[in-house]
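This is what each chain is made of:
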Amino acid sequence: MAGGPMDVWNEWATQILVLLSLALQIVLHVSAKVRQREASSVLLRLLLWLAYQLADSTATYAVGQLFFSSTSRDHHLVAFWAPFLLLHLGGPDNITAYALEDSKLWKRHFLSLVVQSSVYGERTWALWCANFSTLQSSLKVMAREKHHQHFYAEHQDQYTDFDDVDGELLLQYAHSLFHICKRGIVDSVIDGDPDSPSEVDSATNEIIWSLMDDRARMWTVMEMELSLMYDILYTKASVIHSWFGYCIRVVSPLAIVASLVLFQLNRKDGYSRVDVAITYTLLGGALVLETRSLLAALGSSWALAFLCGTRWNWLRHAALCTGRWHRLRRALVSLRRSPPGKMIMAGSSRRWPGTIGQHNMLRFRTGQLDPTSRWLGDISKMLGLREWWDRRCYSWNIIIPEKVKERAQAVQTWVSPHDINTMGLLRHKWGESALDEKRYPGLFERLRTFLGVDFHESIIIWHIATDLILAERKQRGHDSGDHRVEVVRTLSNYMMFLLVDRPDMLPGLPQNWLDKQTCKNLDRICKKHLVHPRGNSFCTMLEKMFRPHHHCGLESSELEEKLADIILKEPQEKKASDSENPWLMYARKIAAELLVYENDELRVLLDLWTDFLAYAANRCSRESHARKLSSGGEFTTVLWLLIEHLCQVKAVAKQGQSRV
C-alpha cells in the first residue's frame, strides 16, 4: 500500500492523467457553445477556459508519463491508452480556438503535429484555415461560382415536416449569402469580369432584395451568417465538411467499436482491475464523443452545403433527392430538443443573443456619491481591480428593445447604397448625414463645432447632451408614452458602453483620457451641489456586484436628473475648467440649442444616434468584429454585415448599369 501522496502519485499518475484528459474533453464537447451567449455564467466560461488551457498539456504530459514512467511495466494496459490520448490532442470539433489569436498560432501547433502525432493534424489544419490570410487567399483562388451555392430554392418541400420550417429555410439563405460575410470579414474581393456579372450575382441581388421586404427575416439571416462565420473561425467546420473530414468521422467510431469488441474478447488475466475499468471508460467515452461528432457533422447545415456543391451527382441524388439527409437532420433536431439530447448533443443557436451593453456617465458619477460604493471602489483600486469594479457595478446588459432592433433593421432607409464608397465604407463623417440640410435647415452649421474632431469625443459630448435634453423634457412632462425616448436612451447608453467597455469596437484609437477627464468635471459638480440621500449597505453593494450582469434598468434616477438640471443651468460663460475640458460646455450648448429648435429634438437625437451607430459598425476593424464573435457577438457586428449586403446590392447594380 502506498505510504504517502507522492507514492500514490508515482503509482497512479498515468491513470489519473488519462481520466483527467477524458474529463476535459467531455467538458469541451458539452460547454464549447457557451461562448456564443453573452449572458452565459461566469463560472461556465471559467470552466471552459480552464478546460481549453489544460486539455493539450494534460494529454501531452500523460503521453510522456505513459512512455517514460516505470509503472508501465507493472500496468500492461497502459500502452493501449496512447491512441486515446492522441485522439484527445486533436480536440473536439466544436472548439479549435478559444480566441481569434489562437488561429494565428497555427505554426506552433504544426510543430506539435510533427513532434506528436498525425491525429493532431486535423486541428492544425482547422487553425490554418481560420487564419485571416488563409481565408483571404482562398477567396481569391477559389472559383467564382464556388462562393455562390444557391441551393436555398431546391428541396424546399423536404422541410414541411420540420417544427421550424422558416428557420431552416432562412439558414439556407444564410449559406447562400455567406460569401458576402466571408469576404467582408477578411476585407477581400472576389475577382470577376465587371462587364459581365454572373447569374449568381444577380441571384444574390434578388435574395437580398426579397429579404429586405421583411426586415425581421433579413436580420435573422444576418445573425445566422455570423454564426456560420463563428464556425469557420473557432471550430473545425472548414475541415470537417470535406471528404477528408467526413471519412475520418465515419472511420473513427468503427475503429473504436472494433477495439472495444477485441478488448472484450481478449483474456484479462494479469491485468489490474482498475486498469481494465479505465480502459472500458476510455473506449466508451471515445465511442460516445466520436459518434456525437459524426452525427453532428452529418446533420449540420454545412453538410447540405457540401452535398449541393459536390461533383458526385449520384451522392447528391441519394442524399437529397430521396430526402434521406432531411430525415436525418429532422431526427437530430428532435433529439437535441429532448432532455437527454440537450446533454449529449448540445447544439449551438444560430441566433444572436439579443442583448446589448449599457453605460450611463451621469449614473456612473452620481453612484460615486454613495460612501459604501466609494469605499469599495478605493479597495478595488488598491487591488488593481478598479476598472473591473466600475464595469461590474456601472455597466449592464439589457434585452434589446424591439423598437431599437426595428430601427437597426431599417438600415436601408437611412443608409442608401449611394452612401457607401467602392471600399464598402460610409462616405460621410459621423453626424453629417443625420443633420442633413434638407431635413433640418441650418442645424448642421449651428452644431458643426460640437460634432468633435474625434469620434470618441463626439460620443461623450452627445451622450451627456442627450441626458440633459431627456431630463428637461421629462421635467416639462413631454415624454409620456413616446417610445422614441427609450430608443434614444438605449442607443446613447450603448455607444457610451462601447467607448468605456469595448473601445476596440469603435473606429480610431481608444481615448480613455477623454472619459476620465469628463468624469473629473462631473465629480467636481457632484461634490459641490449634490448629496447622496441614503448610503447603500455593504450587503447591498455586494449583491449588486455579484448579481447576474443583466437587467432592464433604463429609467434615470432622481439624482441623475438633478445633476442634469445643474449642468444645463450652469452659467454659459467660459470657465477655466471648461477651457481644459470643454465637453460639458459643448453638451450644455447642444441641449440649449435643440430645446429651442423649432423641429422635434427627439427626432434629431434619434437620427443622430442612428448615424453614430451605423458609422461605428461600418468603420470598426473587421478583426474586432471577428474577435467579438467568440463571446456572443456585438449589436454593431450584425449591423455591419447588413451594410455589407447593401454594398453588394450597389456593386451588382453598378455592373448592370455599365453593361447597358
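Attention here is on the structure that accompanies the text.

Scoring rules and cut-offs
- Residues numbered from 1 in each chain as written.
- Predicted model: local features only at pLDDT ≥ 70, side-chain atom pairs only at ≥ 80, totals over all residues.
- Heavy atoms only, no water.
- Buried < 20%, exposed > 50% of the residue type's maximum accessible area, 1.4 Å probe, protein only.
- Helix = DSSP H or I, 4+ residues; strand = E, 2+ residues; numbered from the N terminus.
- Core = buried A, V, L, I, M, F, W, Y, C linked by side-chain atoms within 4.5 Å.
- Contact = heavy atoms within 4.5 Å.
- Phe/Tyr/Trp six-rings, centres within 6.5 Å; stacked < 30°, edge-to-face > 60°.
- Lys NZ or Arg CZ within 6 Å of the ring centre and 35° of its normal.
- Pairing = 2+ DSSP bridges.
- 1 Å grid on protein atoms, 1.4 Å probe; cavity = no way out; pocket = protein on both sides within 12 Å on 5 of 7 lines; lining within 4 Å.
- Points joined across faces, edges and corners; volume = space filled by probe spheres on them.
- Nonpolar A, V, L, I, M, F, W, Y, C, P; charged D, E, K, R; others polar.
- Axes fitted to C-alpha atoms, helices over the stretch in contact; angles between N-to-C directions.
- Left-handed = near helix turned anticlockwise from the far one by under 90°.

Burial within helix 8 (residues 178–185) is extensive, with eight of its eight residues counted as buried. Buried within helix 8 are the following residues: F178, H179, I180, C181, K182, R183, G184 and I185. Positioned one or two residues after helix 8, D187 has a phi angle of 55°, which is positive.

Grouped together as the largest cluster of nonpolar side chains are 127 residues, with contacts concentrated most on M229, F455, W462, M495, L594, F612 and F635. Discounting chain neighbours no more than four positions away, the residues touching W462 are L447, F450, L451, I590, L594, L605, L608, W609 and F612. L66, W81, F263 and L282 belong to the second-largest nonpolar core, a separate cluster that totals 20 residues.

Structurally, M361 can be placed in helix 18 (residues 361–367). A sequence separation of 132 residues divides M361 from N493, and the C-alpha atoms of the two residues are 8.4 Å apart. Once residues within four sequence positions are removed from consideration, M361 is found in contact with I460, H463, I464, M496, D515, T518 and L522.

A word on the environment of N94. Relative to the helices and strands, N94 is located in the loop between helix 3 (82–90) and helix 4 (106–115). Put simply, N94 and T235 are 141 residues apart on the chain and 4.8 Å apart in space, counted from C-alpha to C-alpha. Discounting residues that sit within four places of it in the chain, N94 has contacts with L28, H29, A32, K33, R35, Y234, T235 and R292.

Scanning the entire structure with this criterion turns up 17 aromatic pairs. A ring pair is formed by W352 and F635, whose centres lie 5.6 Å apart and whose planes are at 25°; its orientation type is stacked. In this pair, W352 sits in the loop between helix 17 (339–344) and strand 1 (355–359) while F635 sits in helix 33 (residues 635–659), placing the two residues 283 residues apart along the sequence. Accessibility classification places W352 together with F635 in one group, the buried group. Here the aromatic residues W243, Y246, F306, W312 and W314 are joined through ring pairs into a cluster of three or more. The cationic tip of R365 hangs over the ring face of F364; the distance from NZ or CZ to the ring centre is 4.4 Å. A cation over an aromatic ring shows up here: K429 above the ring of W430, its NZ or CZ 4.7 Å from the ring centre.

Within the secondary structure, H463 is located in helix 24 (residues 455–476). Apart from the residues within four sequence positions on either side, H463 is in contact with H359, N360, M361, S492, N493, M496 and W609.

Our next topic: the pairing of strand 2 (residues 395–399). Strand 2 sits mainly inside the fold: four of its five residues count as buried. Bridge count for strand 1 against strand 2 is five bridges, and the pairing is antiparallel. Looking across to strand 2, one finds that I356 is bridged to I398.

Let us now look at the pairing of strand 1. For strand 1, a buried count of five out of five residues is recorded, marking the element as mostly surrounded by other parts of the structure. What you see with strand 1 is no split at all: T355, G357 and H359 on one side and I356 and Q358 on the other are buried throughout.

Below, the discussion takes up empty space enclosed by the protein. Enumeration over the complete set of coordinates arrives at three cavities of 30 Å³ or more. Considering only enclosed or pocket space, the largest cavity measures out at about 70 Å³ in volume. As for the largest cavity, its lining consists of L362, D467, L470, A471, K474, R489, S556, E560, E561 and A564. The element best represented in the lining of the largest cavity is helix 24, accounting for four residues. Classifying every residue of the lining of the largest cavity gives four nonpolar, one polar and five charged.

Before going further, it helps to examine the packing of helix 3 against helix 13 (residues 273–298). Following both chains from N to C, one finds helix 3 and helix 13 inclined at 35°, their axes separated by 11 Å at the closest point. Helix-helix and strand crossings are classified by hand; for helix 3 and helix 13 the assignment is left-handed. Facing F84, L87 and H88 of helix 3, the residues of helix 13 in contact are L282, L283, A286 and E290. Of the residues assigned to the contact of helix 3 with helix 13, the class counts are five nonpolar, one polar and one charged.

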